[in-house]
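Listed below are the residues making up each chain.
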Amino acid sequence: MTLLLLAACNGVSLDVDPDDTNAVTDDTSVEDTGDSEVEDTGEPIVYDCSNLPEMPAPHTLLQGFTGSEDFAFDGEGNLVSVDEHGNLVGISYEGDKTVIAPGFGTTAGTHYTSTGHLAIADVDRGRIVLVDPDGNSDTLISGLQYPNGVTVDDDDWVYFAEHDAGQVRRVHPETGEHETVATGFLNPNGLAFSTDWQTLYVGSFGGGTVHAIDRDGDGWSTRLFAEVQTDIIDPCVELSDSTSCYIPVTGGLGVCDEAVCVPDRDRAACDAMEEGDPCATMRLETPVESLCAVDDVGLYCPRLEKQRVAPCMGKEKWESCQVAQAWGYCVDTWEDVRACITDNEQWTHIKQPCADLAIGDVCVSQMPTGPYEGTCADYSDWGYGVICENPFMWGETGGLDGLNVDACDNVYVTEYVLGIVYRFDSDGGDQQVVAETGSFWIPNMHWGSGIGGWKKDVLYVMDRESFGVFALELGVPGGPLAYTP
C-alpha cells in the first residue's frame, strides 16, 4: 500500500464575521509546556462552522508511539496508552516514554474522567478498569463480553460498548452504579458525545453504520444516524430475482430481490415446528439437514448442517464443542445461529480457495459458518500467505472503529482496515473523506490537548501498522471533554 505523507502545517486560519452566529472562538487556550517543533501559541482557535476547510485534510505520520487500539492526552503533554508489553505508558510529542503502570493486557478503549482518572477497557479480562494519577488501578465492572470503546460524559459516567453483547452500558466511577443504555447493535465499536452531551454516537464494526442514542427524559432512544456509502456493486445487478447470492459488505448467503442481495432465512421449513426440531433447506442448490433456530422474528431453518448447530445449542459463544470427532469452538454465524467450527476448518476455507488463483482474483470460500465471495490477497507479512479475503471480516467500508465529534458537531469515524477517516455533518448527511491514510489498521482518534506540541485543532489517529499516529490538520478543535488537561 502506498502511504500518502504530507508535510505538517500549522493549521488553518479562518476569517470570521463577528456577527455570524456560526463563528466560534475556542478560548480554552493552554500554554505549550514542551520543546516540540510544533508550538502552541496560546492564542484562541478561531473557526467558522459554516465554512470549514475543504476535505480531504492534509496529514502527516508521527512515528514512535504504541500502536494501541486507543489513547488519551494527559495534562503533562503525553499521549497515554498501553504498549505492546501491556504497560500503561505516557509518551511525549518528542517520543520520551514513561511507564505509568504495568500489567495491562489487550485494551480497546481509554478515556479520562474529570478527576484525571483513566478508564480503560480491558478486553482480555472483560472489565473496565479505573487508573488513578499515581498508577493505581481498580476494577469498575467485570464479566463483560469484549468491552470496546470508552467515553465519559459531563457527569463523569463512564460509557462503554460491549462489542460481543451488542449493547452500550455505563458505570459511575464513584458509586459503582451501572446500567444498560441501549441494545440491539451489530458489533458496537467507538463512542463519542455531541457537544451538548445529549446524544451518544456509536459505530458498528461490520455494519458500516453510526447510531445516535438520544437522552429521552430519564431514559434513552436510539435512531440510525448515518451509514457509510460504498462503491461496491451488488451481485444481483447481473442476476435474476430469487437467485442465490453473496451479500456484499456483511457477508453470508442471500437471495436476489429487485437487483439487491438480501438476507434469506428459510422460515417455511420450520412452519408449525419448535426450536431444535429437525428441518430441511437448501444452501446454494444443495440440500441441508439442520435444526430450527429462532431470531427476533420467529423460527427459521439455518443453511448449516445440524451436526454443527446441535453441539452449540444452549452454549455460550467461544465455548468448546465437537464436530466430526474434532474439537472446535462455538461461533455466531451470518444467520445469527451458534455453530461449531474448528481452527483447521477455518484456515482451510480461507487458504484453499486461492490455491490455484493469482492475487487479486475473485475467490469463493465455502466457510461452513458463513460462505462468502472475496478476493485473493497477500497476507505474507502477517504469516498467512495468500488468503481469500472476506469483505465482512476485514472491513470494506463496514469496519468502523474509532468515533469522535468536533466543536461543530460533525461526526468522524475511522474505517479500521481501509485506512479511511470519514466525516458526517450534524444531521448524518454530507459524507466526506477526511483522509486516506494508506494504513490497514487505524482504530481510535482524538484531538490534541494543546500541551507539549499536541495541537488542539489537529485530529490524531492511531496507526497500529506503524506504531504511529496520523496528524490530520482540520482547523477546528474537538468537542468538550469531561477532563480538561
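All values reported here derive from a predicted model rather than from experimental measurement.

**Student:** Quick question: what am I supposed to make of the sheet that holds strand β30 (residues 362-365) here?
**Tutor:** The strands that make up a sheet pair up through hydrogen bonds in the backbone, lying either parallel or antiparallel. Within the open sheet, the 3 strands sit side by side as β30-β31-β32. Their pairing is antiparallel. Across the chains shown, the open sheet's two edge strands, defined by having one partner strand only, are β30 and β32 (386-389). With direction set aside, neighbouring strand axes in the sheet form an average angle of 45°. Bridging between strand β31 (residues 372-378) and β32 involves 4 bridges; their strand directions are antiparallel. Across the sheet, the residue bridging to A377 is I387, located in β32. Running over the sheet, helix α2 (residues 343-351) touches β30, β31 and β32 and is turned about 90° from β32.

**Student:** Would you mind going over the nonpolar core with me for this structure?
**Tutor:** Counting 20 residues, the largest nonpolar core has Y412, V434, L459, V461, L472 and L474 as the members making the most contacts within it. Going through the elements one at a time, β2 (45-48), β36 (432-436), β37 (445-447), β38 (458-463) and β39 (468-473) are the ones with two or more residues in this core. The residues touching L459, leaving out its near neighbours within four places in the chain, are Y412, M445, H446, W447, F470, A471, L472 and L474. Counting 15 residues, the second-largest nonpolar core is a separate cluster that includes Y201, F225, V413 and F424.

**Student:** Hey, could you run me through the pattern of salt bridges in this one?
**Tutor:** Two side chains carrying opposite charge are able to pair once their charged atoms lie near each other. Across all of its chains, the model carries 13 salt bridges by this definition. A salt bridge links R464 to E69; its shortest N-O distance comes to 2.9 Å. With R464 in the loop between β38 and β39 and E69 in the loop between β3 (59-63) and β4 (72-73), this pair connects stretches of sequence that are 395 residues apart. Counted as one network, the salt bridges with shared partners bring together D122, R125 and R127.

**Student:** In this structure, what is going on with the environment of G77? I would like to understand it.
**Tutor:** Take G77: it is sitting in the loop between β4 and β5 (78-82). Classification of G77 as buried rests on a relative accessible area of 4%. Distance from G77 to G450, taken between C-alpha atoms, is 8.0 Å for residues 373 residues apart in sequence. Not counting residues within four places of it along the chain, the set of residues in contact with G77 comprises I91, S92, Y93, I451, G452 and W454.

**Student:** Before we go on, may I ask you to explain the state of the cysteines in this structure?
**Tutor:** By definition, a disulfide links two cysteine residues through a covalent bond between their sulfur atoms. Following the criterion strictly, the structure yields 9 disulfides and no others. Through a disulfide, C245 is tied to C261; the S-S separation comes to 2.0 Å. Torsion about the S-S bond of the C245 and C261 cystine: about 95°, corresponding to right-handed handedness. Taken together, the residues span a long stretch of sequence, with C245 in strand β20 (residues 244-246) and C261 in strand β22 (residues 260-263) at a distance of 16 residues. One exposure class covers both C245 and C261, and it is buried. Residue pairing for C363: its cysteine sulfur links by disulfide to C388, the two sulfurs lying 2.1 Å apart. The disulfide joining C363 to C388 has a torsion of about 95° about its S-S bond and is therefore right-handed.

About the thresholds
- Residues numbered from 1 in each chain as written.
- Predicted model: local features only at pLDDT ≥ 70, side-chain atom pairs only at ≥ 80, totals over all residues.
- Heavy atoms only, no water.
- Pairing = 2+ DSSP bridges.
- Helix = DSSP H or I, 4+ residues; strand = E, 2+ residues; numbered from the N terminus.
- Axes fitted to C-alpha atoms, helices over the stretch in contact; angles between N-to-C directions.
- Contact = heavy atoms within 4.5 Å.
- Core = buried A, V, L, I, M, F, W, Y, C linked by side-chain atoms within 4.5 Å.
- Buried < 20%, exposed > 50% of the residue type's maximum accessible area, 1.4 Å probe, protein only.
- Salt bridge = Lys/Arg side-chain N within 4 Å of Asp/Glu carboxyl O.
- Disulfide = S-S within 2.5 Å.

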